[in-house]
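# Residue-level structural notes
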Amino acid sequence: MMKRQLHRMRQLAQTGSLGRTPETAEFLGEDLQQVEQRLEPAKRAAHNVHKRLQACLQGQSGADMDKRVKKLPLMALSTTMAESFKELDPDSSMGKALEMSCAIQNQLARILAEFEMNLEKDVLQPLNRLSEEELPAILKHKKSLQKLVSDWNTLKSRLSQAAKNSGCGQGGGGGPGGYSHTTAANKVETLKEEEEELKRKVEQCKDEYLADLYHFATKEDTYANYFINLMEIQADYHRKSLSSLDTALAELRENHSQADPSPSMTAAPFSRVYGVSLGVHLQELGRDIALPIEACVLMLLSEGVKEEGLFRLAAGASVLKRLKQTMASDPRSLQEFCSDPHAVAGALKSYLRELPEPLMTFDLYDDWMRAASLKEPGARLEALQEACGRLPQENFNNLRYLMKFLARLAEEQEVNKMTPSNIAIVLGPNLLWPPEKEGDQAQLDAASVSSIQVVGVVEALIQSTDTLFPGDVNFNVSGLFSALAPQDKVGDRPTSEELPTMAVPAPATAPAPAPASVATKERTESEVPPRPASPKASRSPPEAAAPAEDMARKSPRGDTTRKESLPAPTGL
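This structure is a prediction, so every number in the text was calculated from the model and none was measured.

### A short note on the overall build of the chain
Along its length, the chain carries 23 helices and zero strands. Out of the 572 residues belonging to the chain, those deemed buried represent 39%. Working note: accessible area of the chain is about 31300 Å², and carbon and sulfur atoms make up 53% of it.

### Observations regarding the packing of aromatic side chains
Note on aromatic pairs: each is described by the distance of the centres and the angle between the planes. Inspection of every chain in the model, using the stated rule, returns seven aromatic pairs. Between tyrosine 223 and tyrosine 226 the ring centres are 5.9 Å apart and the planes differ by 50°, which places this aromatic pair in the tilted class. Of the two residues, tyrosine 223 and tyrosine 226 both sit in helix α8 (residues 177–258), three residues apart, roughly one turn of that helix. Ring centres 6.3 Å apart and planes at 80° place the aromatic pair phenylalanine 362 and tryptophan 433 in the edge-to-face group. Here tryptophan 433 lies in the loop between α18 (420–431) and α19 (441–445) and phenylalanine 362 lies in the loop between α13 (341–354) and α14 (365–373), a separation of 71 residues in the sequence. The class of phenylalanine 362 is partly exposed, set by a relative accessible area of 25%. Linked through ring pairs, Phe216, Tyr223 and Tyr226 together constitute an aromatic cluster. Lying across the ring of tryptophan 152, lysine 156 places its NZ or CZ 4.0 Å from the centre.

### Points about helix α10 (residues 278–285)
For α10, the full list of buried residues reads Leu278, His281, Leu282 and Leu285. In a view along the axis of α10, the buried residues occupy a sector of 95°, so they form one face of it. Immediately beyond the C-terminal end of α10, within one or two residues, lies glycine 286, with a positive phi of roughly 65°.

### What to know about the environment of proline 358
Along the chain, the position of proline 358 falls in the loop between α13 and α14. Those residues in contact with proline 358 that sit more than four places away from it in its chain are Asn395, Leu431, Leu432 and Trp433.

### Here's the deal with the nonpolar core
If you look at the biggest cluster of nonpolar residues, it comprises 74 residues, and the most contacted ones within it are Phe311, Trp368, Phe405 and Leu406. If we ignore the near neighbours within four places in the chain, the residues touching phenylalanine 311 are Leu300, Ala345, Leu348, Lys349, Phe405, Leu406, Leu409, Val426 and Leu427. Within the second largest apolar cluster, 44 residues are counted, among which are Ile138, Leu159, Tyr209 and Tyr223.

### A few points about the pattern of salt bridges
For the structure on display, the rule yields 16 salt bridges. With its nearest N and O atoms 3.5 Å apart, the salt bridge here joins aspartate 236 to lysine 240. Highlighted residues: aspartate 236 and lysine 240, both in helix α8, separated by four residues, approximately one helical turn. Of the residues examined, aspartate 236 reaches a relative accessible area of 31% and is grouped as partly exposed. For lysine 240, a relative accessible area of 31% corresponds to the partly exposed category. One salt bridge in this structure joins glutamate 412 and arginine 408, with 3.1 Å as the shortest N-O distance.

### Thoughts on unusual backbone geometry
Of note, phenylalanine 311 is a non-glycine position whose phi angle comes to about 70°, a positive value. Tracing the sequence through the fold places phenylalanine 311 in the loop between α11 (291–303) and α12 (317–329). Phi at lysine 417 takes a positive value of approximately 65°, unusual for a residue other than glycine. Positionally, lysine 417 belongs in the loop between α17 (413–416) and α18.

### A word on the side chain of threonine 465
Checked against the element boundaries, threonine 465 lands in helix α21 (residues 465–468). Polar contacts involving the side chain of threonine 465 include one to the main-chain carbonyl oxygen of leucine 461, which spans 2.9 Å. Once residues within four sequence positions are removed from consideration, threonine 465 is found in contact with Met403, Lys404, Ala407 and Pro470.

### Some remarks on the packing of α11 against α13
At their nearest, the axes of α11 and α13 sit 9 Å apart, and the two run at 155° to each other. With respect to their mutual orientation, α11 and α13 come out roughly antiparallel. Seen along the crossing, α11 lies across α13 with a hand that is left-handed. Along its contact with α11, which presents Pro292, Ile293, Cys296, Met299 and Leu300, the element α13 presents Pro341, Val344, Ala345, Ala347, Leu348, Tyr351 and Leu352.

### Structural notes on the side chain of arginine 287
With respect to the helices and strands, arginine 287 occurs in the loop between α10 and α11. Separated by 2.7 Å, the side chain of arginine 287 and the backbone oxygen of isoleucine 289 make a polar contact.

### Considering the packing of α11 against helix α16 (residues 393–410)
Across the interface, α11 lies against α16 with an axial gap of 11 Å and an inter-helix angle of 15°. By the angle class used here, α11 and α16 are roughly parallel. Handedness of the α11/α16 crossing: left-handed. Two secondary-structure elements touch here, α11 through Ile293, Glu294, Val297, Leu298, Leu300 and Leu301 and α16 through Asn398, Tyr401, Phe405 and Arg408. Per-class residue counts for the contact of α11 with α16 are seven nonpolar, one polar and two charged.

### Focus: the confidence of the model for the chain
Mean pLDDT over the chain works out to 75, with 72% of the residues at or above the 70 mark. Taken element by element, the predicted model of the chain shows its lowest mean pLDDT in helix α22 (residues 516–521) (36) and its highest in α16 (94). Every residue in residues 12–20 is under pLDDT 50, and counting partners more than four places away or in other chains gives 13 contacts. In this model, residues 533–572 is a region of pLDDT below 50 whose contacts with residues beyond four sequence positions or in other chains number 73 contacts.

Conventions used here
- Residues numbered from 1 in each chain as written.
- Predicted model: local features only at pLDDT ≥ 70, side-chain atom pairs only at ≥ 80, totals over all residues.
- Heavy atoms only, no water.
- Helix = DSSP H or I, 4+ residues; strand = E, 2+ residues; numbered from the N terminus.
- Buried < 20%, exposed > 50% of the residue type's maximum accessible area, 1.4 Å probe, protein only.
- Areas by Shrake-Rupley, 256 points an atom, 1.4 Å probe, with all protein chains shown as cover.
- Phe/Tyr/Trp six-rings, centres within 6.5 Å; stacked < 30°, edge-to-face > 60°.
- Lys NZ or Arg CZ within 6 Å of the ring centre and 35° of its normal.
- Arc of directions from axis to C-beta.
- Contact = heavy atoms within 4.5 Å.
- Core = buried A, V, L, I, M, F, W, Y, C linked by side-chain atoms within 4.5 Å.
- Salt bridge = Lys/Arg side-chain N within 4 Å of Asp/Glu carboxyl O.
- Polar contact = N/O pair within 3.5 Å; in protein donor to acceptor, adjacent residues only side chain to side chain.
- Axes fitted to C-alpha atoms, helices over the stretch in contact; angles between N-to-C directions.
- Parallel < 35°, antiparallel > 145°, perpendicular 65-115°, else oblique.
- Left-handed = near helix turned anticlockwise from the far one by under 90°.
- Nonpolar A, V, L, I, M, F, W, Y, C, P; charged D, E, K, R; others polar.
- pLDDT = per-residue confidence, 0-100.

Next comes the structure, spelled out in structure tokens:
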């Protein structure tokens with residue numbers, strides 16, 4: 001008994017990882033032995049792929065189209081979009097886009113459900129039959145054949161031993177041994193019959209197993225097609241999805257481009273602001289001072305002049321972008337940005353930097369550099385005054401407005417740490433830069449040197465603002481930003497009782513008061529601030545105004561009657 005068990009264990013050990021056993025190998029040719037070795041790996045591959053592919057399904061397995069679609073996440077997304085669409089204006093851009101997105105998600109869900117149903121029918125079910133039915137049946141025949149062959153070999157050993165014992169008993173002669181001989185002979189006959197019967201079963205099982213192997217070998221190409229079908233079904237699914245998305249996107253873009261612009265975008269011509277030349281911007285909007293310059297200055301005067309590091313510390317990119325968009329689309333809604341002075345300062349710097357030509361112009365670049373190179377203060381001031389006098393009128397007006405504000409900012413340098421030098425360092429390169437000449441390497445090499453001179457020019461402009469730009473500025477020049485103008489810092493145009501005693505040129509006839517938005521467009525040349533003359537020329541109006549300015553600077557900061565801008569008729 002133990003010998004038979006040991007023999008069986010030896011046979012199992014000889015089977016190896018390839019599934020080939022001595023019992024079956026003796027019946028198989030080389031080709032069928034290779035086929036036999038592929039049975040177990042094929043069964044494991046089919047089982048593992050089926051299990052993993054089944055986990056990829058999003059819908060309910062085995063359900064029909066309607067039930068499957070309801071369980072898909074894409075359908076849940078489509079339902080959510082449909083519910084959200086009800087709360088929107090169906091004629092709005094967002095409403096139309098959401099409605100189209102809802103429809104396409106529904107369509108994509110149905111395409112996905114169809115894909116999964118085809119996947120189950122043409123891939124999952126055949127793989128399941130292969131791993132759970134067809135290959136297990138072949139392996140079961142193999143095991144049956146192995147057992148029959150093992151039993152047959154054992155029986156042949158017993159028959160051989162019985163025949164040997166019977167032969168020995170026959171040689172011993174008659175007597176009591178005659179009975180033993182008869183018994184042994186009967187046993188041999190019985191074993192022969194059993195061996196014949198077992199041999200017949202082995203032959204029958206062997207034929208079945210060989211037929212299974214041949215069948216598997218002929219169908220291996222069919223089994224490989226399961227995986228080809230998988231990729232074909234996936235490709236068809238993605239093609240249908242992409243086609244639906246392309247069609248929907250084309251329709252959506254067409255509808256979106258034909259949609260009427262919102263009223264807030266067409267109510268006022270505020271679209272051309274950043275990146276537009278100063279002259280075009282002022283002409284289109286009917287202004288004297290550029291919209292970003294006036295808006296940012298008023299917001300900074302409101303809450304930013306005492307902010308430490310103004311113009312030096314960077315603002316958040318998202319806030320700055322939103323501020324610039326609001327500036328272009330709805331400047332009356334800028335009040336929310338007053339609490340972020342660094343973003344406002346960044347918007348002002350961005351406007352100056354994005355001008356096609358610097359505010360101090362390319363034509364006068366050499367004049368500014370010549371003035372910066374002069375060492376004697378009087379000569380430098382005279383050169384700066386001559387350069388200012390040669391500026392185009394719109395550039396002069398905006399530079400004067402900006403310098404008046406920067407001088408006001410420098411007055412708070414003990415708090416904001418922004419001296420005229422610091423202001424010039426951060427703003428100078430945005431006010432003046434050299435014209436680029438393609439291929440002129442010397443011009444490019446001189447840029448770093450000229451930037452130092454630009455800082456010197458802008459610093460001198462800030463320090464000599466009262467001399468170079470006489471008179472005072474009404475910063476709320478357009479009246480558009482009255483909500484942004486703090487009454488203790490920047491006032492509207494005061495009445496005649498509020499004007500200080502100072503000699504200022506006045507128009508011959510005083511026009512009737514007009515709304516601020518209209519007054520901006522109806523200014524005549526007589527209202528433009530006087531251009532700076534040579535330092536040797538008479539400066540009687542500014543000198544007459546000097547005592548009033550000194551008294552204003554000496555007045556206590558808490559005095560509500562003090563105004564940073566004296567709105568003389570010469571103001572902007």
